[in-house]
Amino acid sequence: MDACCPVCPSAARRSSFDPRAVRRDFPVLQQTVRGRPLTYLDNAATTQKPSEVIQAVCQYYGTCNANVHRAFHFLAEEATRRYEEVRKSAAAWIGAGSPREIVFTRGTTEGVNLVAHAWARKFLKPGDAILLTEMEHHSNLIPWQLAAKAAGASLRFVPVLPDGTLDLDAFAAHLAAGGVRLAAVTQMSNVLGTVNPVRDLAAAAHKAGALVLVDGAQSVAHMPVSVRDLGCDFLAFSGHKMCGPTGIGVLYARADLLETMDPFLGGGEMIDRVGLEESTWAEIPHKFEAGTPNVSSAIGLGAAFDYLNRLGRDTLAAYERDLTRHAVAALRALPGVRVYGDAPERGGAVSFAVDGVHPHDLAQFLDGDGIAIRAGHLCCQPLMRRLGVPAVNRASLAFYNLEEEVARLADAVVRARAYFGHGP
Ligand code: 7TS
């Protein structure tokens, strides 16, 4: 990023980070689309993958493919060793006390569902409440609707204020009303970019006797996150949003909670002793990993941890913060453009509306220029209702995005507005 950018005066200090060099690690980003450079601004949906991750998956299949945790031959031992090494890397990535607290899942969605089944359905009673917020992704809403219905529990919601932050007084009031057994909150909104004060929320929830689940789908990919620092009881995230492959994610859960929870899925590998009528379960975390896991994607996720660690998480987060500030300012400066969310701490999901242009039309127009953004309700229909719109546009940034890509977006938005009859 240019040091001369007026909205990011600290850029010069970070000149050692070279996003142009980093982009060369990503084969997808080298492409042109309809003769134009690909401008990929849909990173909140999924990030692109560096060669290192792609090669790790290929290399696994080419050298040591085997099922894990069951055979004694050398391929199986190597595959198991590598799979379990990634569990240690995942624990280190989020500051968990032990790899026993790391359950591999398919992604955030499965992690939340696991807790909703294995914890909530076992421990919630009629009259209990689950505290959520209006900005939750459907993945951190629907599982709780289902679990609450099954247990006879209720749901309570913290409203979103006009600046895109949570109504913290309402959060406190819900806790004070009693009966809340779990607060489930996103750390970073995939629509507004808002970073919620999860550490404070967790402390307050614990004081009220509630557990805390953090949806880390957006945060874990874009800022350093430590479960110890946050003081949360559960945290779920997805590998594919942080340069890893699809189909692999992580659920962190406190070991003592995992010990008391029922299994989620039943089948091979999650058992200790199996009888015809009754069975006992494997040690945690294996009790929660029934069947053949996604070994290759776990290996790829391990490569993603290594890659991002090498670039430096603080460096990447600082660069993204500057680029986000720049993107928000650039879009806000355009006539007829409204950016949603103005939280003091925010990530790189930048949702906006263009006067008189339907979000889907805009996304299609931008696609004609090789610019990939998302349009729609972004799996946050209740939040759309709070914003008073059926859909938004969203540009979402990663550390390999450039200031010139933001300029390309802004220029295309201006042309789209003119094209649809609202321009200057
Ligand atoms: N929670 C949040 C905050 C998310 O942004 C997403 C995915 C999920 C949960 C679900 O993650 P998954 O990997 O299990 O699917 N968000 C988006 C998005 O914003 N656009 O596409 C997917």
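Residues numbered from 1 in each chain as written. Predicted model: local features only at pLDDT ≥ 70, side-chain atom pairs only at ≥ 80, totals over all residues. Heavy atoms only, no water.

Undergrad: How would you summarise the environment of L230 if you had to cite specific residues and measurements?
TA: Turning to its location among the elements, L230 is positioned in helix α9 (residues 227-230). Assessed through its relative accessible area of 9%, L230 is described here as buried. Each C-alpha atom of the pair L230 and D200 lies 8.1 Å from the other, and the pair is 30 residues apart in sequence. In this view, L230 contacts Q187, V198, R199, A202, V225 and L235; residues no more than four positions away in its chain are not counted. (Helix = DSSP H or I, 4+ residues; strand = E, 2+ residues; numbered from the N terminus. Buried < 20%, exposed > 50% of the residue type's maximum accessible area, 1.4 Å probe, protein only. Contact = heavy atoms within 4.5 Å.)

Undergrad: So what's going on with the nonpolar core? Residues and values would help.
TA: By size, the foremost hydrophobic cluster in this structure holds 109 residues, and its most contacted members are I94, L235, F352, I373 and F399. Looking at this core, you find at least three residues from each of domain 1 (9-37 + 312-419) and domain 2 (53-309). Excluding residues within four positions of it along the chain, L235 makes contact with I94, V214, V220, V225, V227, L230, V250, L251 and Y252. Ranked by size, the runner-up nonpolar core spans 31 residues in total, among them A184, A253, L257 and F288. (Core = buried A, V, L, I, M, F, W, Y, C linked by side-chain atoms within 4.5 Å. Domains from an automatic or database assignment.)

Undergrad: Describe the packing of helix α2 (residues 51-63) against helix α3 (residues 74-93), with residues and values.
TA: At their nearest, the axes of α2 and α3 sit 11 Å apart, and the two run at 160° to each other. Between α2 and α3, the angle is such that the two are roughly antiparallel. For the pair α2 and α3, contact is made by Q59, Y60 and T63 and by L75, A79 and R82, respectively. (Axes fitted to C-alpha atoms, helices over the stretch in contact; angles between N-to-C directions. Parallel < 35°, antiparallel > 145°, perpendicular 65-115°, else oblique.)

Undergrad: Before we move on, can you summarise the pairing of strand β14 (residues 349-354) with the specific residues and values?
TA: For β14, the buried fraction is high: five of the six residues fall into the buried class. Where strand β13 (residues 337-339) lies against β14, three bridges are found, and the strand directions are antiparallel. The residue of β14 that forms the bridge with V339 is F352. Note: β14 against strand β17 (residues 392-396), four bridges, orientation antiparallel. Bridge pairing in β17 places F352 opposite N393. (Pairing = 2+ DSSP bridges.)

Undergrad: So what's going on with the state of the cysteines? Which residues, and what values?
TA: Applying the stated criterion to the full structure yields zero disulfides. Lacking any disulfide linkage, C58 is separated from the closest cysteine sulfur, that of C64, by 12 Å. According to the relative accessible area criterion, C58 is exposed, its value standing at 51%. The thiol of C380 is not disulfide-bonded; the next cysteine sulfur, from C379, is found 6.8 Å away. (Disulfide = S-S within 2.5 Å.)

Undergrad: Tell me what's going on with the sheet that holds strand β16 (residues 374-376), and back it up with residues and numbers.
TA: Taken together, four strands build an open sheet; the order of strands is β13-β14-β17-β16 and the sheet is antiparallel. Pairing within the sheet leaves two strands with one partner each, and these edge strands are β13 and β16. For this sheet, the mean angle separating the axes of adjacent strands, direction not counted, is 30°. Note: β16 against β17, three bridges, orientation antiparallel. Of the residues in β17, the one forming a bridge with A375 is N393.

Undergrad: If you had to explain the environment of V295 to someone new, which residues and values would you point to?
TA: Mapped onto the fold, V295 is located in helix α11 (residues 295-311). Sequence spacing of V295 and G268 is 27 residues, and the spatial spacing of their C-alpha atoms is 15 Å. Residue contacts for V295: discarding those within four places in its chain leaves Y60, V68 and Y83.

Undergrad: Got a sec to walk through the domain arrangement of the protein chain? Specific residues and values, please.
TA: We note that the domain assignment places domain 1 (9-37 + 312-419) and domain 2 (53-309) within the protein chain. Here the C-alpha centre of domain 2 lies 28 Å away from the C-alpha centre of domain 1. Taken together, the 34 residues of domain 1 in the interface contact 30 residues of domain 2. Between domain 1 and domain 2, the buried area comes to about 2,500 Å², and carbon and sulfur atoms account for 59% of it. Its largest share of buried area at the contact with domain 2, domain 1 owes to R313, L383 and R386, together 27% of the area lost on that side. A salt bridge links R386 to E134, with the shortest nitrogen-to-oxygen separation between them at 2.8 Å. The tally of links from domain 1 across to domain 2 stands at 17 residue pairs in polar contact (both at pLDDT 80 or more). Looking at the side of domain 1 that touches domain 2, the element that brings in the most residues is helix α14 (residues 381-387), giving six residues. (Buried area = accessible area lost by both parts, 1.4 Å probe. Salt bridge = Lys/Arg side-chain N within 4 Å of Asp/Glu carboxyl O. Polar contact = N/O pair within 3.5 Å; in protein donor to acceptor, adjacent residues only side chain to side chain.)

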